[in-house]
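Working through the structure, step by step
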Amino acid sequence: MYQGFWHFSHISYDVFSVEAMMTMQNTFQAQPTDIYLITLPKSGTTWIKAVTYAIVNRERYKNSTLSSHPLLAYNPHKCVPFLETEVFGKTSVYVDGCLPRLFATHIPYTSLPQSILDSGCRIVYMCRNPKDVLVSLFHFTNKLRDKSRCQMAFDEAFEMFSKGIMPYGPYWDHVKGYYNFSLEHQKNILYLTYEDMKEDTVNRVKHIAEFLGYPFTKDEEARGVVGEIVRLCGFKSLSEVNKHGDFREGVPNDAFFREGKVGDWRNHLTDEMTKVLTQITEQKFHGMDISFEVGA
Ligand code: A3P
């Protein structure tokens, strides 16, 4: 545990260690034009990466044919690097060279490099109903487990999640950290939920574009550019592109696409489990105006 949050303790996962995080905290230089996409794992990171990449690079790829848009050829995780993996992790160094620099991270607010907070850059934070995060994480973990290792039981996953044990968790503290930050820095951070994105993707995409300083022109809207981006980044399109191949060793591309729905927790949680998570969530988020179905 580091600064109140759980992290991978060794580097063989190909993600960064606590040591690497400390180096990053001290040395990373953010730029005012940077964009950071921040999420907890399984909260829609892949989706928000694709959407943001498509928005800010739409001029660059406006004439692209069917297979020449990067999102039609690569996993969105290849298009937008994680600070903790490609930039400061074992796999280093990914620099696209294009502006704005687009990064993603799962790092909790308390450990974010100060230069990101000071630079005035834009941050998009996306969170998701804790019950769906748990279910998604459970499936993802089992998919990545070596066939020779036993699969995690759902009870075990539930116990750990409820105690706050997940990568970059506790879930509630992560969400709360960025929520509180967003209240004071509305110009710099856009706080979104996966559920809102699902419900009204077109308007959310427009909102993200405006927030990032890349609003759609009337002409673009008339030409249906927003709809094109929504389709390009939709579950159907991305999961088709990522049906085969590996994102990196031991991580198949298709591991990032499972159901892509709101409320799949209903197929996994017992009434008792539901009660426990609802209670924890109500307690932890007391007084916060978080709009996904916390009580559901
Ligand atoms: P499920 O496991 O509930 O299906 P992350 O990208 O943070 O790892 O989150 C993965 C979750 O987001 C998975 O949820 C996955 O199916 C879903 N997802 C991935 N791409 C999506 C998209 N384009 N639209 C909606 N959901 C998507």
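Anything mentioned here points back to the structure above.
What you see as residue numbers is a count from 1 along each chain, following the sequence as written. Local features in this predicted model are restricted to residues of pLDDT 70 or higher, and side-chain atom pairs are both shown and tallied only at a pLDDT of 80 or more, whereas totals for entire chains, interfaces and linings draw on every residue. To obtain the side-chain values, all non-hydrogen atoms of the structure were included, while hydrogens and water were left out.

A closer look at the pattern of salt bridges
Counted only if it meets this: When a carboxyl oxygen of Asp or Glu is within 4 Å of a side-chain nitrogen of Lys or Arg, the pair counts as a salt bridge. A helix here means a DSSP run of H or I that spans at least four residues, while a strand means a run of E at least two residues long, and both kinds are numbered starting from the N terminus. Residue exposure (1.4 Å probe, protein chains only): buried if accessible area is under 20% of the type maximum, exposed if over 50%, otherwise partly exposed.
For the coordinates displayed, the defined rule picks out ten salt bridges. Arg101 is the partner of Asp34 in a salt bridge, and the nearest nitrogen-oxygen pair spans 2.8 Å. Of the two residues, Asp34 is situated in the loop between helix 1 (18-27) and strand 1 (35-39) and Arg101 in the loop between helix 4 (83-87) and strand 2 (102-105); the sequence distance between them amounts to 67 residues. Classification of Asp34 as buried rests on a relative accessible area of 0%.

Topic: unusual backbone geometry
Note that the residue after Gly169, namely Pro170, is joined by a cis bond; omega there is 10 degrees. Relative to the helices and strands, Pro170 is located in the loop between helix 7 (154-162) and helix 8 (171-184). The phi dihedral of Gln3 is positive, around 50 degrees, even though this residue is not glycine. Along the polypeptide, Gln3 turns up in the segment before helix 1. Overall, the relative accessible area of 39% leaves Gln3 in the partly exposed class. Residues other than glycine seldom take positive phi values, yet Tyr168 does so here, at roughly 70 degrees. Along the chain, Tyr168 turns up in the loop between helix 7 and helix 8.

Regarding the packing of helix 6 (residues 130-144) against helix 7
Put simply, the test is: Where helices are involved, their axes are fitted lines through C-alpha atoms of the stretch in contact, as for all axes, and angles between N-to-C directions lie from 0 to 180°. For this classification, under 35 degrees means roughly parallel, over 145 means roughly antiparallel, 65 to 115 means roughly perpendicular, and everything else is oblique. Crossings are assigned a handedness: left-handed for a near helix turned anticlockwise from the far helix by less than a right angle, right-handed for a clockwise turn. Working rule for contacts: check all heavy atoms of both residues, and any pair within 4.5 Å makes them a contact. Residues are grouped as follows: Ala, Val, Leu, Ile, Met, Phe, Trp, Tyr, Cys and Pro are nonpolar; Asp, Glu, Lys and Arg are charged; every other residue, Gly included, is polar.
Helix 7 packs onto helix 6 with a crossing angle of 130 degrees between their chain directions and a minimal axis gap of 10 Å. One element, helix 6, and the other, helix 7, form an angle in the oblique class. Relative to helix 7, the crossing made by helix 6 is right-handed. From helix 6, Pro130, Val133, Leu134, Val135 and Phe138 reach across to helix 7, where they touch Phe154, Ala157, Phe158 and Phe161. In terms of residue class, the contact of helix 6 with helix 7 is made up of nine nonpolar, no polar and no charged.

Comments concerning the sheet that holds strand 4 (residues 189-193)
Filter applied, for reference: In this analysis, strands are considered paired if DSSP registers two or more bridges between them.
Overall, parallel pairing links the four strands, which are arranged 2-1-3-4 in an open sheet. Only two strands of the sheet have a single neighbouring strand rather than two, namely strand 2 and strand 4. Geometrically, the sheet is characterised by an average inter-axis angle of 20 degrees between neighbouring strands, direction not taken into account. Two strands pair when backbone bridges link them, and strand 1 and strand 2 are joined in this way by four bridges, in the parallel orientation. Among the inter-strand pairings, Ile38 is bridged to a residue of strand 2, identified as Thr105. The strands that helix 10 (residues 201-211) touches are strand 3 (122-127) and strand 4; relative to strand 4, the one it contacts most, it runs at about 165 degrees.

Here we look at the nonpolar core
Rules: Among buried residues, those of type Ala, Val, Leu, Ile, Met, Phe, Trp, Tyr and Cys that are joined through side-chain atoms within 4.5 Å constitute a nonpolar core.
With 45 residues, the main nonpolar core has Tyr36, Ile116 and Tyr171 as its most contacted residues. Taken together, the elements giving at least two residues each to this core come down to helix 1, strand 1, strand 3, helix 6, helix 7, helix 8 and helix 14 (271-284). If one sorts the elements of this core by residue count, helix 8 sits on top with six residues. Once you skip the residues sitting within four places of it in the chain, Ile116 turns out to touch Phe28, Ala30, Tyr36, Leu83, Cys121 and Ile123.

Points about the site of the ligand
Selection criterion: Being near a molecule or strand, for a residue, comes down to having at least one heavy atom within 4 Å of it. Counted as a polar contact is a pair of N or O atoms within 3.5 Å, where, for protein atoms, one must be capable of donating a hydrogen and the other of accepting one, and residues adjacent in sequence contribute only when both atoms are in side chains.
Around the ligand, a shell composed of 18 residues is seen, among which Lys42, Thr45, Thr46, Ser136 and Glu259 lie nearest. Between Gly260 and the ligand, the recorded distance is 2.7 Å, taken from a backbone N or O atom to an oxygen atom. Going through the elements one at a time, helix 2 (45-56) and helix 13 (235-241) are the ones with two or more residues in the shell around the ligand. The element contributing the most residues to the shell around the ligand is helix 2, with three residues. Its residues assigned to classes, the shell around the ligand shows seven nonpolar, seven polar and four charged.

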